[in-house]
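Residue-level listing of the chains:
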Amino acid sequence: MPLHRMRKTLMLTAAVPAAVIFFLLATLPPRPLTAPVGDASLTRRTVAGAYHVHTVRSDGAADRAEVAAAAARAGLQFLILTDHGDATRAPDPPEYLHGVLVVDAVEVSTRGGHYVAMGLREASPYPLGGEPSAVIEDVTRMGGFGVAAHPDSPKSELAWTGWSARPDGIEWLSADTEWRNETRARLVRALADYLIRPAPALASILDRPVETLARWDRLTADRRVTAIAGHDAHGGVGRGAEDRRPGGRAWWRPDVPSYEASFRTFSTRVVLDQAPTGRASEDAATLLEAMREGRMFTSIDALAAPAVFDFRAVRGDVAAQMGGAIGPGPAVLTVKGSVPAGGRIVLLRNGTEVASADGGTLEMPTPEAEGAYRFEVRLPNAPGESAVPWVLGNPIYFLRAPPPAPAPREVALEPLPSGVSWHVEKDRGSTGSVVHGAGEVSFFYKLRGPGRGSQYAAAVADLQGRVPAATEIGFSATSVRPSRLSVQLRYRRGGGVRWRQSVYVDATPRAIRVPVAAMLPADRQSGPPPDGAAAMSLLFVVDLTNALPGAANTVRISGVGFGRQK
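Throughout what follows, the structure given in this document is the object of discussion. (Residues numbered from 1 in each chain as written. Predicted model: local features only at pLDDT ≥ 70, side-chain atom pairs only at ≥ 80, totals over all residues. Heavy atoms only, no water.)

Examining the overall build of the protein
Thought 1: When helices and strands are counted, the protein shows 11 helices and 34 strands.
Thought 2: Once the C-alpha set of the protein is aligned to its principal axes, its extents read approximately 100 × 80 × 45 Å.
Thought 3: A buried classification covers 52% of the 566 residues belonging to the protein.
Thought 4: Put simply, 73% of the contacts in the protein that link residues at least 6 apart link residues at least 24 apart.
Thought 5: Placing the 63 positive and 57 negative side-chain charges of the protein at their respective mean positions leaves the two points 4 Å apart. (Helix = DSSP H or I, 4+ residues; strand = E, 2+ residues; numbered from the N terminus. Buried < 20%, exposed > 50% of the residue type's maximum accessible area, 1.4 Å probe, protein only. Contact = heavy atoms within 4.5 Å. Lys, Arg positive; Asp, Glu negative; His and termini not counted. Charge placed at Lys NZ, Arg CZ, Asp CG, Glu CD.)

A short note on the nonpolar core
A general feature of soluble globular proteins is that nonpolar side chains tend to end up buried together.
Thought 1: Residues Phe309, Phe311, Leu333, Leu347, Phe375, Trp390 and Phe398 are the most contacted members of the largest nonpolar core, which totals 68 residues.
Thought 2: Excluding residues that lie within four positions of it along the chain, Phe309 makes contacts with Leu42, Val271, Phe297, Val335, Lys336, Gly337, Ser338, Val339, Phe375, Val377, Trp390 and Val391.
Thought 3: Residues Leu447, Ala461, Ile512 and Leu538 belong to the second largest nonpolar core, which totals 39 residues. (Core = buried A, V, L, I, M, F, W, Y, C linked by side-chain atoms within 4.5 Å.)

Structural notes on the packing of aromatic side chains
Thought 1: If you walk through the whole model with that rule in mind, you get 11 aromatic pairs.
Thought 2: Aromatic pair Phe309 and Phe375: ring centres 5.5 Å apart, planes at 35°, arrangement tilted. On the criterion of sequence distance, the pair formed by Phe309 in strand E14 (residues 309-315) and Phe375 in strand E20 (residues 371-378) is long-range, its members being 66 residues apart.
Thought 3: A residue is classified by how much of its surface remains accessible, and Phe309, at 1% relative accessible area, is buried.
Thought 4: Relative accessible area serves as the criterion here: at 0%, Phe375 is assigned to the buried category. (Phe/Tyr/Trp six-rings, centres within 6.5 Å; stacked < 30°, edge-to-face > 60°.)

Some points on the pairing of strand E30 (residues 498-505)
Thought 1: Within E30, seven of the eight residues are buried, leaving the element largely enclosed by the surrounding structure.
Thought 2: Pairing geometry for strand E29 (residues 483-491) and E30, over eight bridges, is antiparallel. Paired with Arg490 across the strands is Arg498, a residue of E30. (Pairing = 2+ DSSP bridges.)

Description of the sheet that holds strand E32 (residues 520-521)
Thought 1: Overall, antiparallel pairing links the six strands, which are arranged E24-E27-E33-E29-E30-E32 in an open sheet. A strand with exactly one partner marks an edge of an open sheet, and here the two such strands are strand E24 (422-426) and E32.

Structural notes on the pattern of salt bridges
Thought 1: The final tally for this structure, using the stated rule, is 34 salt bridges.
Thought 2: The partner of Glu353 in a salt bridge is Arg378, and the shortest N-O contact between them spans 3.5 Å. Note that Glu353 is positioned in strand E18 (residues 352-358) and Arg378 in strand E20, a separation of 25 residues in sequence.
Thought 3: One network of salt bridges, in which partners are shared, links Arg57, Arg64, Arg89, Asp92, Glu95 and Asp104. (Salt bridge = Lys/Arg side-chain N within 4 Å of Asp/Glu carboxyl O.)

Side note on the sheet that holds E14
Thought 1: Across the sheet, four strands lie side by side as E15-E14-E16-E19; this open sheet has antiparallel pairing. The open sheet has two edge strands with one neighbour each: strand E15 (318-321) and strand E19 (361-366). On average, each strand axis in the sheet is inclined to that of its neighbour by 15°, with strand direction left out of account.
Thought 2: Here strand E16 (residues 331-337) runs beside E19; their pairing, made up of six bridges, is antiparallel. (Axes fitted to C-alpha atoms, helices over the stretch in contact; angles between N-to-C directions.)

Quick notes on the side chain of Gln525
Thought 1: As for its position among the elements, Gln525 is in the loop between E32 and strand E33 (535-543).
Thought 2: Looking at Gln525, its side chain comes within polar contact range of the main-chain oxygen of Arg498, at 2.6 Å.
Thought 3: A distance of 3.3 Å separates the side chain of Gln525 from the backbone nitrogen of Asp523, its partner in a polar contact.
Thought 4: Excluding residues that lie within four positions of it along the chain, Gln525 makes contacts with Val497, Arg498 and Trp499. (Polar contact = N/O pair within 3.5 Å; in protein donor to acceptor, adjacent residues only side chain to side chain.)

Digging into the side chain of Arg64
Thought 1: When you line up the elements, Arg64 lands in helix H3 (residues 64-73).
Thought 2: Residue class for Arg64 comes out buried when judged on its relative accessible area of 18%.
Thought 3: At 3.1 Å, the side chain of Arg64 forms a polar contact with the side chain of Glu95.
Thought 4: Once residues lying within four places of it in the same chain are set aside, the contact partners of Arg64 are Thr55, Leu81, Asp92, Pro93, Glu95, Leu97 and Val102.

A look at the environment of Ala117
Thought 1: With respect to the helices and strands, the residue Ala117 is situated in strand E7 (residues 113-118).
Thought 2: Measuring from C-alpha to C-alpha, the distance between Ala117 and Gly144 comes to 6.5 Å, with 27 residues separating the pair along the chain.

So, to be careful, I would describe these as geometric facts and stop short of saying anything about function.
See the structure below:
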């Protein structure tokens with residue numbers, strides 16, 4: 001090859017990668033903007049943290065101390081650890097690690113998605129799981145509150161479907177959902193950017209989750225529902241249990257994104273009544289109460305920082321802050337905060353924009369304040385096909401007091417026909433017995449242990465289609481130990497398909513009513529359940545959904561009958 005041609009080839013060879021490198025550097029996501037210094041008192045009372053974080057206790061890459069150290073490097077003040085579990089492990093006491101308040105929570109798998117339970121007082125006496133309504137009921141009874149995780153995930157196993165169960169809160173933004181929504185080409189570009197600017201690269205794949213926000217706005221139109229952004233941090237994509245192939249290994253195990261990069265991308269900022277004291281138990285109780293009440297907002301810190309905001313409604317001598325309720329009527333809504341140059345505060349009512357202002361203050365008198373009012377702060381050139389807001393706050397609620405609930409119509413129960421017999425159904429290795437007499441059934445069971453192997457036991461009434469037309473099952477129940485029973489109707493058609501509803505029982509006598517129409521499929525059938533009159537069997541089932549191997553208990557069931565709502 002002639003020398004001049006060789007030189008030309010070499011120059012072209014060097015020019016192409018140089019051009020690529022220049023292009024990548026020139027189009028890097030920008031560094032975070034610096035927001036003005038906020039009010040000093042409010043700044044001291046606003047704590048930044050990460051919610052929905054996994055450790056080696058379930059499927060994360062590091063232990064709690066290492067994760068706390070990463071949070072400290074990212075400038076956070078608290079962590080909500082949410083390792084997968086069933087709440088039978090008592091929450092670890094709150095503690096300060098590397099100056100970060102670490103609070104233990106749990107991510108519970110239900111049949112309608114994942115529910116993050118926070119503030120539980122103690123370990124559950126049985127595994128939480130099964131129907132979303134049952135899990136939410138149990139979390140509430142144990143003093144906690146919860147959030148529907150990654151509600152609109154493109155991965156069906158992760159999407160939340162238990163909306164009728166009325167979760168306390170939802171993740172309006174999920175880092176897990178955001179990367180799953182992206183094209184492969186976009187993820188490759190974000191990975192290249194990550195090598196230079198990790199947090200801005202992660203922020204570059206965020207979009208405004210239009211459908212999730214619209215759903216949240218519909219929910220808050222008539223009740224309080226908090227919203228929070230979930231990191232779902234595992235210390236690397238592909239480490240989550242939902243991404244593992246059979247055999248236990250993740251299909252890929254990069255440590256990207258790191259905990260620190262995830263924590264620098266966005267944060268939950270909670271507005272406390274007073275600055276933290278440094279006493280872990282006291283500070284954790286204050287933090288969780290503020291989160292329960294919705295006194296928190298999300299800040300995309302890789303776009304701008306720090307974020308400090310005050311949102312309140314005032315009517316004469318009455319005031320409500322973010323997350324609070326004031327009742328309908330005239331009021332003045334005010335948003336004040338540390339907005340960087342070019343930022344715009346937007347006020348929304350039930351999801352519809354009603355006012356906006358450039359800079360750090362928005363004030364709006366509203367004579368017809370009813371519904372849920374929340375604020376966003378939007379920045380120019382924010383990422384996303386629909387731009388993600390820099391800051392998103394929880395609402396102030398202007399809701400009318402609900403009218404008194406009508407007294408439930410008493411449905412007379414028709415007792416089981418005479419001659420209905422009872423028996424036990426169970427797996428091999430488990431034991432059980434029923435004693436039936438004087439309108440009461442005493443059901444004892446002990447599930448096989450110690451390993452898990454589809455154990456179950458059930459007290460079964462042989463109806464044989466002899467009950468009257470019925471829309472409701474009624475009974476009273478107590479149990480020696482707190483537990484859950486799956487009340488089921490089994491029908492002849494389809495090989496004995498069953499419909500179910502979970503109920504809680506303990507030593508306190510309870511009159512329980514189960515509407516047949518509210519029962520859910522226990523098998524693969526679809527459509528509404530048939531009339532209870534067609535049922536061949538009534539079952540009170542205990543299985544490993546809400547029991548442990550080796551669990552034993554005695555349940556007393558009385559006054560079983562069927563009724564029809566007219």
